[in-house]
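Residues per chain, in single letters:
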Amino acid sequence: MNTPKNDKNTRTTGRPTLNEVARLAGVSPITASRALRGVSTVATELVEKVQKAALELNYVVNPAARALASAQSHSVVVLVPSLSNLLFIDTLEAIHQVLRPKGFEVLIGNFHYSRDEEENLLRNYMAYQPRGLLLTGFDRTESSRRMIEASNIPCVYMMELDSAAGLNCVGFSQLAAGETAAEHLLSRGRKRLAYIGAQLDQRTLLRGEGFRRALQKAGRYDPDLEVLTPRASSVGLGGELFLQLLAAHPDLDAIFFGNDDLAQGALLEALRCGIKIPEQVAILGFNDLPMSEHMVPRLSSINTPREAIGRRSAELMLTLMAGNSVAKPVQDMGFELKVREST
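About the cut-offs
- Residues numbered from 1 in each chain as written.
- Predicted model: local features only at pLDDT ≥ 70, side-chain atom pairs only at ≥ 80, totals over all residues.
- Heavy atoms only, no water.
- Helix = DSSP H or I, 4+ residues; strand = E, 2+ residues; numbered from the N terminus.
- Contact = heavy atoms within 4.5 Å.
- Areas by Shrake-Rupley, 256 points an atom, 1.4 Å probe, with all protein chains shown as cover.
- Lys, Arg positive; Asp, Glu negative; His and termini not counted.
- Charge placed at Lys NZ, Arg CZ, Asp CG, Glu CD.
- Core = buried A, V, L, I, M, F, W, Y, C linked by side-chain atoms within 4.5 Å.
- Buried < 20%, exposed > 50% of the residue type's maximum accessible area, 1.4 Å probe, protein only.
- Pairing = 2+ DSSP bridges.
- Right-handed = clockwise from strand over helix to strand, strands pointing away.
- Axes fitted to C-alpha atoms, helices over the stretch in contact; angles between N-to-C directions.
- 1 Å grid on protein atoms, 1.4 Å probe; cavity = no way out; pocket = protein on both sides within 12 Å on 5 of 7 lines; lining within 4 Å.
- Points joined across faces, edges and corners; volume = space filled by probe spheres on them.
- Nonpolar A, V, L, I, M, F, W, Y, C, P; charged D, E, K, R; others polar.
- Phe/Tyr/Trp six-rings, centres within 6.5 Å; stacked < 30°, edge-to-face > 60°.
- Salt bridge = Lys/Arg side-chain N within 4 Å of Asp/Glu carboxyl O.
- Parallel < 35°, antiparallel > 145°, perpendicular 65-115°, else oblique.
- Left-handed = near helix turned anticlockwise from the far one by under 90°.

Some thoughts on the overall build of the protein chain
On a plain count of helices and strands, the protein chain comes out with 12 helices and 12 strands. Projected onto the principal axes, the alpha-carbon positions of the protein chain cover approximately 90 × 40 × 40 Å. By sequence separation, contacts in the protein chain at least 24 residues apart represent 70% of the contacts at least 6 residues apart. Carbon and sulfur atoms make up 50% of the accessible area of the protein chain, which amounts to about 16700 Å² in all. In the protein chain, the 38 positive side-chain charges and the 38 negative ones have mean positions that sit 6 Å from each other.

And the structure:
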């Protein structure tokens, strides 16, 4: 019995190879690879030929095999704590728009605000030999820190700043944002100010700390008016906590919510219960999500530059992956207070 000869262009599994796609398209394997990765320098007509050939052969890219063959993958891992929060969706879209035209695949991991889950994701994605890591914030397990350091993979941290750590990071000061929230409400003549935070990730806690510091400085801080819960942030939770806090402290006249969805829930409950906003209680949100300016009344909020953070983080990553140093490793993108009807 004759055994079919297996050359380097044919897999023993019988699955189509990149070389077969290249032959059918009439291009080199390198051009075929670049076309399938979306590298912008490949001519449009060649991309169309390669895509047509891949479709005809039912070819599917194997990123792990590509990494093993080249000893270098074309993937960048992005880990975020939530895919239900528009904040991170906007950031991911911006990252994709920067990296995809350069031929990089974006591998997204959602760790659900769990440090242990983030560690597992990191461990699993390391098998793909990623070219870069885009991570959210600085709060993670010691094992994750050691893994990142030992990998020597370029890493950019998003959403937070730390000039002392010697890390590449793009974000804004969560502390300063909390302070700005308090200063705005105080400037409106409010005297009984509360903070409501949920999920309790590091950024939510830092915003609360900034708010607390500003109130303490003004002599207006009351620990009974600080509500922190590990429950997931949501519109429903915001309405629930708003009514509970107001029932316990009827003299309350301003609330800063750690996320816009919580503040939106409070506005809906106020409307339902006939509570006048801002006459009775001023409400201020955070992140300035799309629905906020359409609420009744329109929600005042602190606008965070989520798209700009994603874009700049990806651009920084391209610089690092090219082997170049970064002139400014800590990049503060700032934030903007949007004053509307609710305050």
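And the narrative resumes.
Topic: the nonpolar core
Formed by 39 residues in total, the largest nonpolar core has its most connected members in Val 78, Ile 95, Leu 99, Leu 134, Leu 185, Phe 211 and Phe 256. Among the nonpolar cores identified, the runner-up in size contains 23 residues, and Leu 245, Leu 252, Ala 266 and Ala 270 belong to it.

Some details on the pairing of strand β3 (residues 132–136)
Extensive coverage of β3 is indicated by the burial of five of its five residues. By the bridge criterion, four bridges tie strand β1 (residues 75–80) to β3 in an arrangement that is parallel. Bridging across to β3, Val 77 finds its partner in Leu 133. Note that the unit made of β3, helix α7 (residues 142–151) and strand β4 (residues 155–159) has a crossover that is right-handed.

Description of the sheet that holds β3
Strand order across the open sheet formed by six strands is β2-β1-β3-β4-β5-β11, with parallel pairing between neighbours. The open sheet is flanked by β2 (105–110) and β11 (330–332), the only strands paired with a single partner. Sheet twist, expressed as the average angle between the axes of neighbouring strands with direction ignored, equals 15 degrees. Direction of pairing for β4 relative to strand β5 (residues 169–171): parallel, over a ladder of three bridges. By the bridge assignment for β5, Tyr 157 is matched with Cys 169.

Notes on the pairing of strand β8 (residues 254–257)
Burial of β8 is two-sided: the residues Ala 254 and Phe 256 facing one way and the residues Ile 255 and Phe 257 facing the other way are all buried. Bridging between strand β6 (residues 193–198) and β8 involves four bridges; their strand directions are parallel. Within β8, the position partnered with Tyr 195 by the bridge is Phe 256. Note that β8 and strand β9 (residues 282–287) share three bridges and pair parallel. Looking at β9, one finds that Phe 256 is bridged to Leu 284. Following the backbone out of β8, through helix α11 (residues 260–273) and into the adjacent parallel β9, one traces a crossover that is right-handed.

Observations concerning the environment of Ala 54
Locating Ala 54 in the fold gives a position in helix α3 (residues 44–57). Along the chain, Ala 54 and Leu 36 lie 18 residues apart, while their C-alpha atoms are 8.7 Å from each other.

Some points on empty space enclosed by the protein
Within this structure, the stated rule accounts for two cavities of 30 Å³ or more. Every residue lining the largest cavity is listed: Leu 193, Ala 194, Tyr 195, Phe 211, Arg 212, Leu 215, Tyr 221, Asp 222, Leu 225 and Glu 226. Those elements that provide at least two residues to the lining of the largest cavity are β6 and α9 (202–218). Taken together, the residues of the lining of the largest cavity sort by class into seven nonpolar, no polar and three charged.

So, the packing of aromatic side chains
Under the criterion given, the structure shown has eight aromatic pairs. Relative to Phe 211, the ring of Tyr 195 has its centre 5.9 Å away and its plane inclined at 35 degrees; by these criteria the two rings are tilted. Of this pair, Tyr 195 sits in strand β6 while Phe 211 sits in helix α9, placing them 16 residues apart in sequence. Summarising the aromatic geometry, the rings of Tyr 195 and Phe 256 are spaced 5.4 Å apart at their centres and angled 40 degrees between planes, so their arrangement reads as tilted. Of the two residues, Tyr 195 sits in strand β6 while Phe 256 sits in strand β8, which places them 61 residues apart along the sequence. Phe 256 matches Tyr 195 in its accessibility class, with the two residues each being buried.

Digging into the pattern of salt bridges
Proximity of charged atoms lets side chains of opposite charge pair with each other. All chains considered together, the criterion is met by 18 salt bridges. One salt bridge in this structure joins Glu 315 and Arg 312, with 3.8 Å as the shortest N-O distance. Here the residue Glu 315 and the residue Arg 312 both occupy positions in helix α12 (residues 306–321), the gap between them amounting to three residues, near one helical turn. For Arg 312, a relative accessible area of 33% corresponds to the partly exposed category.

Quick word on the packing of helix α1 (residues 18–25) against α3
When two helices pack together, their arrangement is captured by the angle between the axes and the distance separating the axes. Where α1 meets α3, the axes come as close as 8 Å, and the angle between the chain directions of the two elements is 125 degrees. Judged by the inter-axis angle, α1 sits oblique to α3. Handedness of the crossing formed by α1 with α3: right-handed. Taken together, the residues of α3 that come into contact with α1 (itself represented by Glu 20, Val 21, Leu 24 and Ala 25) are Lys 49, Val 50, Ala 53, Ala 54, Glu 56 and Leu 57. Tallied by class, the residues present in the contact of α1 with α3 amount to seven nonpolar, no polar and three charged.

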